[in-house]
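Examination of the molecular architecture
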Amino acid sequence: MSETPLLVARNIHKTYGRFVALAGVDMALARGERRALIGPNGAGKTTLVSVIGGQQPGGAGGTVLFDGRDISGATPQAIARLGIGRTFQISRTFRKLTVLENMLAALLGNGGGAFALSARRLRELRAPALAMLREVGLAEFAREPAEAISHGDRKRLEFGMVLATRPRLLLLDEPTAGMGLAERSALMEMMVRHIAERDITLLFVEHDIDIVFRFADVITVMARGKVFAEGTPAEIAADRAVQDIYLGARH
Ligand code: ATP
């Protein structure tokens with residue numbers, strides 16, 4: 001791992017009217033690390049991810065540096081082009097398009113700007129699109145409409161689509177939400193394998209503590225718009241204050 005962090009968030013503030021969603025968050029992600037963001041409902045996790053990804057209308061206070069470059073207030077498109085990919089709590093696939101067409105759309109969007117839509121370009125992208133579907137275990141569903149596959153498979157598709165944009169940092173918001181125990185574990189193992197193979201840095205929001213402790217190198221605990229604690233899984237597990245505010249409430 002290199003010395004300079006890949007991502008630095010400094011003193012991030014976000015308010016909705018009088019409500020303070022983020023009250024001065026500082027966080028730094030080392031290159032290649034897998035960071036989990038946990039905390040009670042409403043702690044500000046999704047808001048923080050949205051600020052980093054540029055999806056906060058009206059922006060936020062503070063500074064976000066990606067690979068040393070100030071991306072605060074940049075558009076989601078510009079941020080994506082720089083190498084930050086994001087998935088959402090609710091899958092954002094094109095439900096009426098087939099699985100293969102969804103993947104083609106992700107690959108077409110890769111070059112930035114408008115889709116360079118031509119029959120030739122589509123033909124060229126067919127093989128890479130099918131290869132990516134194979135990588136995420138969806139090749140057999142290539143011709144199915146995205147709305148016909150299972151929730152878990154849509155999560156795989158969404159992951160494959162973001163992977164196709166070749167991100168250096170991935171922001172995954174509750175990647176395993178709404179899935180059964182065994183399915184969650186298999187999805188997470190698949191994602192982490194691809195992430196490790198490509199040297200991608202990961203920030204993921206997750207409520208399933210078992211998943212967090214198994215897959216995170218470092219855990220940031222948020223509460224009421226602030227970083228409440230940060231440490232390795234062992235450190236966080238041993239932190240009494242964290243147990244009281246978060247883990248205690250669950251066990
Ligand atoms: P969860 O685990 O439930 O997803 P979270 O930690 O991700 O929670 P956020 O979604 O970031 O929390 O929300 C933080 C707080 O900001 C919540 O109290 C939420 O109601 C509020 N909030 C989020 N978005 C908006 C908005 N657009 N307008 C007003 N309040 C908002």
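Basis of the calculations
- Residues numbered from 1 in each chain as written.
- Predicted model: local features only at pLDDT ≥ 70, side-chain atom pairs only at ≥ 80, totals over all residues.
- Heavy atoms only, no water.
- Pairing = 2+ DSSP bridges.
- Helix = DSSP H or I, 4+ residues; strand = E, 2+ residues; numbered from the N terminus.
- Axes fitted to C-alpha atoms, helices over the stretch in contact; angles between N-to-C directions.
- Contact = heavy atoms within 4.5 Å.
- Buried < 20%, exposed > 50% of the residue type's maximum accessible area, 1.4 Å probe, protein only.
- Core = buried A, V, L, I, M, F, W, Y, C linked by side-chain atoms within 4.5 Å.
- Domains from an automatic or database assignment.
- Near = heavy atom within 4 Å.
- Polar contact = N/O pair within 3.5 Å; in protein donor to acceptor, adjacent residues only side chain to side chain.
- Areas by Shrake-Rupley, 256 points an atom, 1.4 Å probe, with all protein chains shown as cover.
- Buried area = accessible area lost by both parts, 1.4 Å probe.

1. Digging into the sheet that holds strand β9 (residues 218–223)
With respect to topology, six strands assemble into an open sheet ordered β6-β7-β8-β3-β9-β10, the strand pairing being mixed. Strands with a single pairing partner mark the edges of an open sheet, and in this sheet they are β6 (84–87) and β10 (226–231). Between one strand axis and the next, the sheet turns through 15° on average, direction left out of account. Sheet topology note: the strand β7 (residues 169–173)/strand β8 (residues 201–205) ladder contains five bridges and is parallel. Bridge pairing in β8 places Leu171 opposite Leu203. Across the sheet, helix α5 (residues 151–163) is in contact with β6 and β7; its angle to β6 comes to roughly 170°.

2. Section: the sheet that holds strand β1 (residues 7–16)
The sheet built from four strands is open, its strands ordered β2-β1-β4-β5 with antiparallel pairing. The open sheet is flanked by β2 (19–29) and β5 (69–70), the only strands paired with a single partner. Relative to β2, helix α1 (residues 45–53) is tilted by about 65°, and along the sheet it contacts β1, β2 and β4 (61–66).

3. Describing unusual backbone geometry
Both trends apply: most residues other than glycine have a negative phi, and most peptide bonds are in trans. Even without glycine at this site, Asp67 takes up a positive phi of about 50°. Position of Asp67 relative to the elements: it lies in the loop between β4 and β5. Note on Asp67: relative accessible area 33%, which makes it partly exposed. Non-glycine residue Asp199 carries a positive phi angle of around 55°. Along the chain, the position of Asp199 falls in the loop between α6 (181–197) and β8.

4. So, the nonpolar core
Within the largest apolar cluster, 46 residues are counted, with the highest numbers of intra-cluster contacts made by Met103, Leu157, Phe159 and Phe204. Examining the composition of this core, we find that seven residues originate from one element, helix α3 (residues 99–109), more than from any other. Split by domain, the residues of this core number at least three in each of domain 1 (1–83 + 168–251) and domain 2 (92–166). Each residue touching Leu157, except ones within four places of it in the same chain, is listed here: Thr93, Val99, Asn102, Met103, Leu133, Leu138, Ala146 and Ile149. Judged by nonpolar contacts, the second largest core, of 24 residues, contains Ile52, Leu169, Leu203 and Met222.

5. Observations regarding the site of the ligand
In the vicinity of the ligand, 14 residues are found, and the nearest of them are Gly42, Lys45, Thr46, Thr47 and His207. At 3.2 Å, a side-chain N or O of Asn41 approaches an oxygen atom of the ligand. The contact in question runs from an oxygen atom of the ligand to an N or O atom on the side chain of Lys45, over 2.8 Å. Across the complex, the protein chains shield 61% of the 640 Å² of accessible surface that the ligand would expose by itself. For the shell around the ligand, the secondary-structure elements that each account for two or more residues are β2 and α1. The element that contributes the greatest number of residues to the shell around the ligand is α1, accounting for three residues.

6. Structural notes on the domain arrangement of the protein chain
Domain boundaries assigned for the protein chain yield domain 1 (1–83 + 168–251) and domain 2 (92–166). Its C-alpha centre places domain 1 at a distance of 26 Å from the equivalent point of domain 2. Listed per partner, the contact involves 18 residues of domain 1 and 14 residues of domain 2. Carbon and sulfur atoms supply 64% of the area buried between domain 1 and domain 2, which totals about 1200 Å² over both sides. A per-residue breakdown of the area domain 1 buries against domain 2 is headed by Met190, His194 and Arg198, which together make up 34% of the total.

7. A look at α1
Within α1, eight of the nine residues are buried, which leaves it mostly tucked inside the rest of the structure. Gly54 sits one or two positions beyond α1 and adopts a positive phi of about 80°.

8. Remarks on the environment of Arg156
Relative to the helices and strands, Arg156 is located in helix α5. By relative accessible area, which is 18% here, Arg156 ends up buried. Apart from the residues lying within four places of it in its own chain, the contact partners of Arg156 are Val136, Leu138, Ala186, Leu187 and Met190. At 3.2 Å, the side chain of Arg156 forms a polar contact with the backbone oxygen of Val136.

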